[in-house]
Number of protein chains: 2
Amino acid sequence: MMTAAEGDGARSLTLRTPYLLFLGDAPSEAHAKTAFGIRDWARPACLAQMRLPGCQVSLGLPELTPESAADAGAGSFVIGVAPAGGRIPESWAPILRRAAEAGLDVVSGMHTPLAEIAGLEEVSRRTGAALVNVRAPVNRFEVGTGRRRTGKRLLTVGTDCALGKKYTALALARELRNRGVEATFRATGQTGIMIVGSGIAIDAVIADFVAGAAEALSPDAPAGHWDVIEGQGSLFHPAYAAVTLGLLHGSQPDVLVLCHDPTRTHIKSFPDFRTPDLRVAADRYLEAARLTNPGVRLAGISLNTSSFDAAGRERVLAETQDRLDVPCFDPLKTSLGDVLRAVLAP
Amino acid sequence: MMTAAEGDGARSLTLRTPYLLFLGDAPSEAHAKTAFGIRDWARPACLAQMRLPGCQVSLGLPELTPESAADAGAGSFVIGVAPAGGRIPESWAPILRRAAEAGLDVVSGMHTPLAEIAGLEEVSRRTGAALVNVRAPVNRFEVGTGRRRTGKRLLTVGTDCALGKKYTALALARELRNRGVEATFRATGQTGIMIVGSGIAIDAVIADFVAGAAEALSPDAPAGHWDVIEGQGSLFHPAYAAVTLGLLHGSQPDVLVLCHDPTRTHIKSFPDFRTPDLRVAADRYLEAARLTNPGVRLAGISLNTSSFDAAGRERVLAETQDRLDVPCFDPLKTSLGDVLRAVLAP
């Protein structure tokens, strides 16, 4: 069943693993980014894949039907593909009903509520399969308290949306654990939630409770433990800055890592809004974060250098590091040693 | 019926006037602040009052039953009193059913959804009376676009909650109209909505859509028209800053008026959070507002001087005006001439 645990500070969604990842008839990896993200960052949670005729991509996982996946112990049927428009096509209804019939929870990050799929609720009521809309509004949080919590927190922030805040946080959490530091990735968006199986879609929370939801997402923890929190939006985004600020205040980060795409000249899909200067962005994030954690520090800059060649990457990282005077890295391409030393510096 | 108009940029709530104002058994004016606010700022919308035995206050309006108010043309039965806890007592159920039975819309800003009052929905379905939860989450807005709109906009902002942002905006809008300037008060909270009969409870909007809701609240207008927008929360509030920032970005104000209570040393109910210095607060609001309106100006400071005597009031206003170098006023006590000249300055 869908669990939205009461108490224990964490009213976040928890998904049932392992997953049968549904790729639909995805024509390219770009359409199945969610499934690939889950495979890359949560390989142990991935039991199998299921594809429709015409699907052009593969995760390299065993191909199973909902019934055989359920027999093999799968917990959830996860929609890992996004058709244009973010809506679930009518033609998937029989597949989704089969999954629920087999007892698998159905997990979706699409705009279409699963309850709108013909017959799906009826099946799920009968079999006990949960219908989990990861993107669905949740409004069962308290308002923020501003109370400081035990344990350490890192939040990724950005000059814009969609430039690496999630992958930066995932990479930092993994590398902290690799170095023997207790660390938990805290998901705040649908793909992040599917990757780690729990979290809060923070942009779907009622505005009054955003800071409170962020507080609930990373409760008191042991002194040496790090919550590595996935940032959302940007303070410089004309539509989403409210989400960003509420998450920042509620997270009370000890450390910020600022994510940036050096090739992006304006806010994605908002050509009239220029991306901010990195120094300005760092100062504004620190200024805002000091409200709930006066000791907050900038530990590093995460650059998305996917469009650079090796020489260009090295150059832009070095230039940025010189200018901002903090470790500068690409979480998918370079070492995390320097930034982690800065994170862990007393 | 409850109207949440589609299109025309304004998916805001619209209430049916005139009102029968319900005072319950309010022991003091403080408990019936909503009713008094409506009477003081929307006298023409107030047809009558209704009180229960034991009520200690009066609005000085005719006393009518729901039936006689309906006969006299009332549109809505408005709960203008807030019992401790913000919940509707069981004992009011018969009164609320009588109002709906008489065909009056029932309007509530309480936490208890009206649908939870025994038998009320059944009556309202039968008579066509709307049950309007002014505080209820609404989530039918688009994300913000950042597109500049025609007409002028003033937003009241504050160093904290509950220190005069609504009354400042109401007073400025009224005085603009008195001087022949077209001006509309735009309500963003429940009492403001009840006062003017329409608006958006902005803190109840899903976080992703706060800026978009603020854009919808003050659509394109004639060049000389001013929307005077009721601010919410504070950028310096550990729980509510997200609401404040989304409203600020979506409003795209040309002019800010900063509201402050000089006696308040910390954020209300948050003793660990000091109220910010006025200069710092002004700078931070202007900085944030420039994202969507680079030409934004600070036109004045509104001080809540209700706890000062005449000499003390004059002194604190003069000192603040000297220090901030903008007109400084108390909307309920002093002239608005200087601040309005600053607002209208080209």
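All of these numbers come straight from a predicted model, not from anything done at the bench.

Trainee: Honestly, the interface of chain B and chain A in this entry has me stumped. Any pointers?
Mentor: Chain B puts 34 residues into the contact, and the matching count from chain A is 34 residues. Here chain B packs against chain A, burying approximately 2700 Å² in sum over the two surfaces, 63% of which is carbon and sulfur. When the area that chain B buries against chain A is broken down by residue, the three leading residues are Ala-207, Asp-208 and Leu-291 of chain B, summing to 19%. Put simply, chain B and chain A have two salt bridges between them. We note a salt bridge from Glu-287 of chain A to Arg-284 of chain B, for which the minimum N-O separation is 3.1 Å. Applying the counting rule to chain B against chain A returns six residue pairs in polar contact (both at pLDDT 80 or more). Listing elements by their share of the side of chain B that touches chain A, those giving two or more residues are helix 7 (210-217), helix 8 (241-251), strand 14 (270-274) and helix 9 (278-289) of chain B. Looking at the side of chain B that touches chain A, the element that brings in the most residues is helix 8 of chain B, giving six residues. When grouped by side-chain class, the residues that make up the side of chain B that touches chain A number 22 nonpolar, eight polar and four charged.

Trainee: Where do I start with the relation of the copies chain B and chain A in this structure?
Mentor: Put simply, the two copies of the chain differ by a rotation about an axis and a shift along that axis. Relative to chain A, chain B is turned by 180° and slid 0.0 Å along the rotation axis, the superposed coordinates differing by an RMSD of 0.0 Å. Taken together, the rotation and translation describe the operation of a two-fold axis. By residue overlap, the copies meet face to face through one surface: 100% of the interface positions of chain B are interface positions in chain A.

Trainee: Just to check I follow, could you spell out the side chain of Gln-252 of chain A for this structure?
Mentor: Residues and elements named next belong to chain A. By secondary structure assignment, the location of Gln-252 is in the loop between helix 8 (241-251) and strand 12 (255-260). A polar contact of 2.9 Å, which involves the side chain of Gln-252, links it to the backbone oxygen of Arg-147. Apart from residues lying up to four places away in sequence, Gln-252 is in contact with Gly-146, Arg-147, Arg-148, Arg-149, Arg-153, Glu-215, Thr-292 and Asn-293.

Trainee: Would you mind going over the nonpolar core with me for this structure?
Mentor: A general tendency of soluble globular proteins is for nonpolar side chains to be buried together. With 83 residues, the main nonpolar core has Leu-256 of chain A together with Leu-256 of chain B as its most contacted residues. Sequence-distant contacts of Leu-256 of chain B, that is, excluding residues within four places in its chain, are made with Leu-155, Val-157, Leu-248, Tyr-285, Leu-286, Ala-289, Val-296, Arg-297, Leu-298, Ala-299 and Gly-300 of chain B. Ranked by size, the runner-up nonpolar core spans 76 residues in total, among them Ala-42, Ala-48, Ala-342 and Val-343 of chain A.

Trainee: Teacher, can you tell me more about the environment of Thr-292 of chain B here?
Mentor: Of note, Thr-292 of chain B is situated in the loop between helix 9 and strand 15 (297-303). As a C-alpha pair, Thr-292 of chain B and Tyr-167 of chain B span 125 residues in sequence and 25 Å in three-dimensional space. What Thr-292 of chain B contacts, discounting residues up to four positions off in sequence, is Pro-238 and Phe-273 of chain A together with Arg-148, Leu-248, His-249 and Gln-252 of chain B. Separated by 3.0 Å, the side chain of Thr-292 of chain B and the backbone oxygen of His-249 of chain B make a polar contact.

Trainee: Is there a simple way to think about the sheet that holds strand 12 (residues 255-260) of chain B in this case?
Mentor: The strands that make up a sheet are held in pairs by hydrogen bonds between backbone atoms, and each pair lies either parallel or antiparallel. Residues and elements named next belong to chain B. As summarised here, the arrangement of the six strands in space is 9-11-8-12-15-16, forming an open sheet in which the pairing is parallel. Each having just a single partner strand, strand 9 (183-186) and strand 16 (328-329) make up the two edges of the open sheet. Inspection of the sheet shows strand 9 paired to strand 11 (residues 226-229) by four bridges, in the parallel sense. Within strand 11, the residue paired with Ala-183 across the bridge is Trp-226. Sitting on the sheet, helix 9 is in contact with strand 8 (152-158), strand 12 and strand 15, with an inclination near 145° to strand 12.

Each value, and the rule that gives it
- Residues numbered from 1 in each chain as written.
- Chains lettered and ligands numbered in written order.
- Predicted model: local features only at pLDDT ≥ 70, side-chain atom pairs only at ≥ 80, totals over all residues.
- Heavy atoms only, no water.
- Contact = heavy atoms within 4.5 Å.
- Buried area = accessible area lost by both parts, 1.4 Å probe.
- Salt bridge = Lys/Arg side-chain N within 4 Å of Asp/Glu carboxyl O.
- Polar contact = N/O pair within 3.5 Å; in protein donor to acceptor, adjacent residues only side chain to side chain.
- Helix = DSSP H or I, 4+ residues; strand = E, 2+ residues; numbered from the N terminus.
- Nonpolar A, V, L, I, M, F, W, Y, C, P; charged D, E, K, R; others polar.
- Least-squares fit on C-alpha atoms with pLDDT ≥ 70 in both.
- Core = buried A, V, L, I, M, F, W, Y, C linked by side-chain atoms within 4.5 Å.
- Buried < 20%, exposed > 50% of the residue type's maximum accessible area, 1.4 Å probe, protein only.
- Pairing = 2+ DSSP bridges.
- Axes fitted to C-alpha atoms, helices over the stretch in contact; angles between N-to-C directions.

Remember that the coordinates give geometry; whether it matters functionally is a separate question.
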